[in-house]
Amino acid sequence: MTSGTFLLADIGGYTTFLSAVGIEHAKEITSHLFNHMVKVSKRWKVGNVEGDCLFLYASTSEPPERAFRQVQKLYESFRESVAEIASGSTCRCGACDRSGDLVIKFVVHSGEFDTHRVAGRTELIGPDVVVAHRLLK
């Protein structure tokens, strides 16, 4: 087992957003938001993308100050990307018009994990990984 830190960035309002708009631009918006957040997460690895949730992890137990700085970077990246989409688009579809309604919430949790390979991907497993996901609920 490895000690690490888990960071989940969950887009709030996504289910309403997705059900009220066309999927074509909604998926482009989500990709844009997640890709920008991944760019500012240099020390963190992508554990998974689960619909509207980006799961990042560090293979070390991050001090609270460092984890908080990472959350700040992710939040700023998210807000800048949403503002960029809302102001830069000439498209008036539901997804582009409602992108400013999206919010983001974060869960940070530390604990032990292991990895295993599933369908060619490295997945994290362990009770502390489960706890991190349950904290979102």
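Before going into details, it helps to say that this report is about the structure given with it. Computed from a predicted structure; not experimentally measured.

**Looking at the pattern of salt bridges**
Moving on, step 1. One pass over the full model with this rule turns up 4 salt bridges.
Moving on, step 2. Its salt-bridge partner being D10, residue K105 comes within 3.9 Å of it at the nearest N-O pair. On the criterion of sequence distance, the pair formed by K105 in strand β4 (residues 103-118) and D10 in strand β1 (residues 2-12) is long-range, its members being 95 residues apart.
Moving on, step 3. R121 is the salt-bridge partner of E123, the closest N and O atoms lying 3.2 Å from each other.
Moving on, step 4. On the accessibility criterion, E123 (18% relative accessible area) is buried.
Moving on, step 5. The class of R121 is partly exposed, set by a relative accessible area of 38%.

**What about the packing of aromatic side chains?**
Moving on, step 1. Using the criterion set out here, one finds 3 aromatic pairs in the structure.
Moving on, step 2. Between F6 and F55, the aromatic rings sit 6.2 Å apart at their centres with planes inclined by 45°, giving tilted as the arrangement. Remark: F55 occurs in strand β3 (residues 53-58) and F6 occurs in strand β1; sequence separation between them is 49 residues. This pair shows no difference in class: F6 is buried, exactly as F55 is.
Moving on, step 3. Seen in terms of ring centroids, F6 and F113 are 5.8 Å apart; in terms of plane orientation they differ by 70°. Their pairing is edge-to-face. Here F113 lies in strand β4 and F6 lies in strand β1, a separation of 107 residues in the sequence.
Moving on, step 4. Using a relative accessible area of 0% as the deciding quantity, one classes F6 as buried.
Moving on, step 5. A relative accessible area of 4% means that F113 is categorised as buried.
Moving on, step 6. Here a set of aromatic residues connected by ring pairs shows up, and it is made of F6, F55, Y57 and F113.

**What to know about the nonpolar core**
Moving on, step 1. Counting 21 residues, the largest nonpolar core has I11, L33, M37, F78 and L102 as its most contacted members.
Moving on, step 2. Of all the secondary structure elements, the ones that give two or more residues to this core are β1, α1 (14-20), α2 (23-39), β3 and α3 (64-88).
Moving on, step 3. Setting aside its immediate chain neighbours within four residues, F78 contacts I11, L33, M37, L102, V103 and I104.
Moving on, step 4. Of all hydrophobic cores here, the second largest spans 11 residues; its members include V107, F113, V129 and L136.

**Some thoughts on helix α5 (residues 127-136)**
Moving on, step 1. For α5, every residue scored as buried is listed here: V129, A132 and L136. The buried residues of α5 occupy an angular sector of 60° when the element is viewed end-on, so they sit on one face. Across α5 from its buried face, at more than 90 degrees, point the exposed residues P127 and R134.
Moving on, step 2. Tucked inside the fold, the buried residues of α5 contact β1, β3, β4 and β5 (121-125).

Cut-offs applied
As a convention, each chain's residues are numbered from 1 in the sequence order in which they are written. Residues qualify for local features only when their pLDDT is at least 70, as the model is predicted, and side-chain atom pairs are given and counted only at 80 or more; totals for whole chains, interfaces and linings, by contrast, use all residues. Side-chain descriptors were evaluated using all non-hydrogen atoms of the structure, hydrogens and water having been removed beforehand. Salt bridges, as used here, are contacts in which a Lys or Arg side-chain nitrogen is within 4 Å of a carboxyl oxygen on Asp or Glu. For the purposes of this entry, the term helix denotes a DSSP run of H or I that reaches at least four residues, the term strand denotes a run of E that reaches at least two, and both are numbered from the N terminus. The cut-offs for exposure are 20% and 50% of the maximum accessible area for each residue type, with area from a 1.4 Å probe on protein chains only; residues under the lower value are buried, those over the upper are exposed, and the others partly exposed. Two rings belonging to Phe, Tyr or Trp (six-membered ring only in the last case) form a pair when the distance between their centres is within 6.5 Å. Interplanar angles under 30 degrees mark stacking, angles over 60 mark edge-to-face geometry, and anything in between is tilted. By nonpolar core we mean a set of buried residues, namely Ala, Val, Leu, Ile, Met, Phe, Trp, Tyr and Cys, connected to one another through side-chain atoms within 4.5 Å. The contact definition used throughout considers only heavy atoms, calling two residues in contact when any of these lie within 4.5 Å. Arc definition: directions from the helix axis to the C-beta atoms.

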